[in-house]
Amino acid sequence: MGSGSKLEGTSALPIRRDPYEVLCVSRDSSDQEIKTAYRKLALKFHPDKNTNNPEAAEQFKEVAFSYSILSDPEKRRQYDNAGFEAIDAEGMDMEIDLSNLGTVNTMFAALFSKLGVPIKTTISATVLEEALNGIVTVRPLPVGTSVSGKVEKQCAHFFGVTISEQQAEAGIVVRVTSTAQSKFKLLYFEQDANAGYGLALQEDSEKTGKITSAGMYFLHFQVYRMDSTLNALAMAKDPEAAFFKRLEGLQPCEVSELKAGTHIFAVYGDNFFKTATYTIEALCVGSYEDTTHKLRDIEAQILRKRNELRQFETEYRKALARFQEVTNRYTQEKQSVDELLKQRDSIHSSFTVTKLANNAVGGSGISNGSSSKTPGEDAESPKEDGGSDGKDKSGKKKWFNLNLKGSASDKKLG
C-alpha cells in the first residue's frame, strides 16, 4: 500500500472527486506532501480498522484511486491537463486486503493469482500502525551479509541496515529472494517525526526463473521498477496492446539514494495461505561498479525503446487500419470477380443445341427454327413406336438409311 508500487484505484466511480480534494492537498503540493496525506487517510479508512463499514471502504478506494493518479508523475500531468478523461481508469486495478477477506474469497483470490490474473494486495493496517507507532522489533542486517527466515502471512519482519558515508556515496542495494517461490513484499520505511516509521517504498516479489525476488537500488541515479501488472487485465484482451504496453510498466522509484545512518526495511508475508520463506541481503555496490554502469545503460536503452514504441504504435495502428481496409477490399473484389466469371460461364453454357432441343422436346413447343428431323419429313406422333418415352426412333433410322443409300450410289458412280 506504499508509494513504491503504486496503488491502483478502483474502476470508474459513479462520481469521481478531484484527487487533490480527496487527499486534502493543493495542486502545487510536493510528492512528499501527497505521500504523507495519503498515508494518514489510507490508515484512517483502512478495512482492518473499519470492519462492516461500507462507507469507509468506499472512501478507502477513493483515497487509493486518487493517490494512484497523483503519485505517478505522468498520470498527474495528464490529469492536470485534461482531467479524468486523460486517465485510463480501465487499467487501474484496486488492491485487495487479504487480512480482511473471508476464507472463500481468499481461495478465489489465490485461484486467480495461480491462473496468472494479477491480484495486488494491501499491507495489513496492523503492520502499518505498529510501524508508525515504533513498536516493531528491528533486527540488524549488516551491509555485506544476508539473513534467512520465514514470515507468516500478513506479518512482517523488520531489519535495520546501517551504512557509512562511504557506503552511502557508493550506493546500496537491498534484495530479497525465495527459492521456495514464496510471495512477499520488500518494504522501506522512513523515520517519522513521532519516532515511528512511515512506509515509503514497496516492491512486490516477481518470479524470475526458479525463484521469486524483489530489490531496491539506491545508486544515485534514477532507477526504475517494472510493474508487470499494469493494465494486465486490459492487455489480456488484446495481445498487440500487450506488446506496446509492456514497457509502460516501467515506473521511476521515488528514492534514488540513502544517507549515512540506519534505514529500516521489512519483508512482508504476502502468501494467501502459508508462510513466506526468504533470504534478505544488503550490499554496497562499490565492488559492483561495472554492473552498476551496465544497469544505468540498459535502463536508458529501455526508456528510449519505450519512447520509440509509443511512436511506432501510432504508425502501426495506421498501417494496421490501412491493411484491414485493403484486406476488406480484397475480399469484396474477389467476390465480385467470382460472381462475374460465374455469370460469364452461365452465359457461355446457354449457347448449346442440345439444351435448346431438349427444351423444345420437353413440351414447350418452341424450336427457335431448329429441328433434329430431316427437311420435308412429316411430323410423327411421339408414341409411334409404342415407346413409353415417346422419343422419335424412326427419325434416326431413316437418317441412317439415307446415309447408306448415299454411300451405295457413290460407289456405283465411282
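All of these numbers come straight from a predicted model, not from anything done at the bench.

Comments concerning the environment of H157
Inference 1: Tracing the sequence through the fold places H157 in strand β3 (residues 156-163).
Inference 2: Here the alpha-carbon distance between H157 and V138, two residues 19 residues apart in the chain, equals 7.6 Å.
Inference 3: Setting aside anything within four residues of it in sequence, one finds H157 in contact with R139, K150, V151, F265, A266, V267 and Y278.
Inference 4: There is a polar contact of 2.7 Å between the side chain of H157 and the side chain of Y278.

Re the confidence of the model for the protein
Inference 1: A residue-level look at the protein finds 70% of positions with pLDDT of 70 or above and a mean pLDDT of 77.
Inference 2: Long-range and interchain partners of residues 364-388, a stretch whose pLDDT sits below 50, account for 17 contacts in this model, where long-range means more than four residues apart.

A short note on the sheet that holds strand β12 (residues 276-284)
In a beta sheet, neighbouring strands are held together by backbone hydrogen bonds and run either parallel or antiparallel to one another.
Inference 1: The strand order β2-β12-β4-β8-β7 describes an open sheet built from five strands, whose pairing is antiparallel. Each end of this open sheet is capped by a strand with a single partner; those strands are β2 (145-151) and β7 (206-208). Across the sheet, the axes of successive neighbouring strands diverge by a mean angle of 30°, strand direction being ignored.
Inference 2: Pairing analysis gives seven bridges linking β2 to β12, with the strands arranged antiparallel. If you follow K150 over to β12, its bridge partner there is T277.

Some words on the environment of Q191
Inference 1: Considering the arrangement of structural elements, one finds Q191 in strand β5 (residues 184-191).
Inference 2: Each C-alpha atom of the pair Q191 and L132 lies 9.0 Å from the other, and the pair is 59 residues apart in sequence.
Inference 3: The contacts of Q191, once residues within four sequence positions are left out, are G196 and Y197.

Concerning the nonpolar core
Inference 1: Core analysis: the largest hydrophobic core is formed by 26 residues, its most contacted members being L258, F265, V267 and I280.
Inference 2: Those elements that provide at least two residues to this core are β2, β3, β4 (172-178), β5, β6 (197-204), β8 (211-218), β11 (261-269) and β12.
Inference 3: For this core, the element with the most residues is β12, which contributes four residues.
Inference 4: Excluding anything up to four places from it in sequence, I280 contacts L141, T145, S146, V147, F159, V174, R175, V176, L186 and V267.
Inference 5: Listed in part, the 20 residues of the second largest apolar core include V22, L41, F45 and V63.

Brief notes about the pattern of salt bridges
As a working rule, side chains carrying opposite charge can pair if their charged atoms are close by.
Inference 1: Across all of its chains, the model carries 14 salt bridges by this definition.
Inference 2: Of the charged contacts in the structure, one is a salt bridge between D338 and K334, with a shortest N-O distance of 3.3 Å. With a gap of four residues between them, D338 and K334 both fall in helix α10 (residues 289-349), about one helical turn apart.
Inference 3: Residue classification places D338 among the partly exposed positions, given a relative accessible area of 40%.
Inference 4: Put simply, R17, E21 and E62 are held in one network by salt bridges that share partners.

A short note on the sheet that holds β3
Inference 1: Spatial strand order, β1-β3-β11-β5-β6: five strands in an open sheet with mixed pairing. Of all strands in the sheet, those with a lone pairing partner are β1 (138-140) and β6, marking the two edges. Neighbour-to-neighbour, the strand axes of the sheet open up by a mean angle of 30°, direction not taken into account.
Inference 2: Here β1 pairs with β3 via three bridges, running parallel.

Here we look at the pairing of β5
Inference 1: Of all eight residues making up β5, six are buried, and the element is well covered by its neighbours.
Inference 2: In the sheet, β5 pairs with β11 via six bridges, with the strands oriented antiparallel. Note on β11: the bridge partner recorded for L187 is A266.
Inference 3: One ladder, built from seven bridges, connects β5 with β6; its direction is antiparallel.

Scoring rules and cut-offs
- Residues numbered from 1 in each chain as written.
- Predicted model: local features only at pLDDT ≥ 70, side-chain atom pairs only at ≥ 80, totals over all residues.
- Heavy atoms only, no water.
- Helix = DSSP H or I, 4+ residues; strand = E, 2+ residues; numbered from the N terminus.
- Contact = heavy atoms within 4.5 Å.
- Polar contact = N/O pair within 3.5 Å; in protein donor to acceptor, adjacent residues only side chain to side chain.
- pLDDT = per-residue confidence, 0-100.
- Pairing = 2+ DSSP bridges.
- Axes fitted to C-alpha atoms, helices over the stretch in contact; angles between N-to-C directions.
- Core = buried A, V, L, I, M, F, W, Y, C linked by side-chain atoms within 4.5 Å.
- Buried < 20%, exposed > 50% of the residue type's maximum accessible area, 1.4 Å probe, protein only.
- Salt bridge = Lys/Arg side-chain N within 4 Å of Asp/Glu carboxyl O.

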